[in-house]
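# Understanding the architecture of this molecule
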Amino acid sequence: MPELPEVEHVARQLRADLIGRVIVCAEVLWPRSVEGLAPVEFAGRVAGRRVIDVGRRGKYLLIYLDGGTVLVVHRRMSGNLTFVDAADALPYVRVAFELDDGRWLLYTDPRKFGRLTLAERTHLNAAFPALGPEPLDKSFTPQELAQQLAGRRSPIKAVLLDQSAVAGLGNIYADEALYRAGIHPLRPASTLSTQEVQALHAGIQGALRTGIEHGGTTFGRHRDVYNEAGTNLEHVEVYRRTGQPCPRCGTPIQRIVVAQRGTHFCPTCQRGLV
Ligand SMILES: [Zn+2]
């Protein structure tokens, strides 16, 4: 499932290769991939529009069109955007955008959970649920993280997955951030010390930056816009490494379930419940 680094990597590629292009037409092949408006209306509102910017908020990709409309893409489980030379170049195409340079930008999604919608630039926040701060913004300080954790008694792993606390983290980077910080995933969020919050802040930013640097983590379907897999799986330290030695101390990595998600940690480096 694409998290912040997978979406950010794609946003950066689109910023370099999509800005300035005009969407000649759009074809919606699976109507439920488009949310909040009829497929014919969706196609009508993007046709003839030029892409003027590309951004991201949490796990949402934002494609800004001239005229004030924003195409919001939430890839969820298995959605990808890919540049190709023909509309039928890939399987599982749900929405196809023909571009003015002869290429197509295809939205493919075998599991069909992803959603595309249109929002007005002036009312963009209405397109999302309430999202917490962006963890790579300058305004995201350890103090800001402490405020988000205050009063939350749930396990810290569950709080990190909650998009209203911090935007963009999912299962991979939450596990990696907690490992980097040396914090047990079951610790109640509100019990972290100031020092631990600082370590977690650094762990979140470090894990996300490493992910972006390697084009995201691909163990399933995440591909970039040129259909290339990310290589960050070679750089994760605990995620999906159950039974393998901890990179720091050699203790076998353990897997438990927190908030219904498989959670990977080192029982030696990430001390438990005091
Ligand atoms: Zn360890």
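### Re helix α3 (residues 142-149)
Among the residues making up α3, those that are buried are Leu145, Gln148 and Leu149. Each buried residue of α3 sits inside an arc of 95° when the element is viewed along its axis, so together they form one side. Exposed residues pointing more than 90 degrees away from the buried face of α3 are listed as Gln143 and Gln147. If you follow the buried residues of α3, they end up packed against α4 (156-161) and α6 (194-213).

### A few points about the pairing of strand β8 (residues 115-120)
β8 sits mainly inside the fold: five of its six residues count as buried. As paired strands, strand β4 (residues 69-74) and β8 are joined by six bridges and run antiparallel to one another. Paired with His74 across the bridge in β8 is Arg115.

### So, a nonpolar patch on the surface
Where nonpolar side chains cluster on the molecular surface, the patch consists of Met1, Met77 and Phe113 and spans about 260 Å² of accessible area. Within the secondary structure layout, Phe113 lies in the loop between β7 (104-108) and β8. Exposure remark for Phe113: the relative accessible area of 40% places this residue in the partly exposed category.

### Quick notes on empty space enclosed by the protein
Counting across every chain of the model gives two cavities of 30 Å³ or more. Here the largest cavity defines a volume of roughly 50 Å³. Every residue lining the largest cavity is listed: Tyr173, Glu176, Arg180, Ala207, Thr210, Asn232, His235 and Val236. Contributing elements (two or more residues each) for the lining of the largest cavity: α5 (171-181) and α6.

Calculation criteria
Residues numbered from 1 in each chain as written. Predicted model: local features only at pLDDT ≥ 70, side-chain atom pairs only at ≥ 80, totals over all residues. Heavy atoms only, no water. Buried < 20%, exposed > 50% of the residue type's maximum accessible area, 1.4 Å probe, protein only. Helix = DSSP H or I, 4+ residues; strand = E, 2+ residues; numbered from the N terminus. Arc of directions from axis to C-beta. Contact = heavy atoms within 4.5 Å. Pairing = 2+ DSSP bridges. Patch = residues over 30% accessible without salt bridge, like charges linked within 9 Å, V, L, I, M, F, W, Y side chains within 5 Å. Areas by Shrake-Rupley, 256 points an atom, 1.4 Å probe, with all protein chains shown as cover. Salt bridge = Lys/Arg side-chain N within 4 Å of Asp/Glu carboxyl O. 1 Å grid on protein atoms, 1.4 Å probe; cavity = no way out; pocket = protein on both sides within 12 Å on 5 of 7 lines; lining within 4 Å. Points joined across faces, edges and corners; volume = space filled by probe spheres on them.

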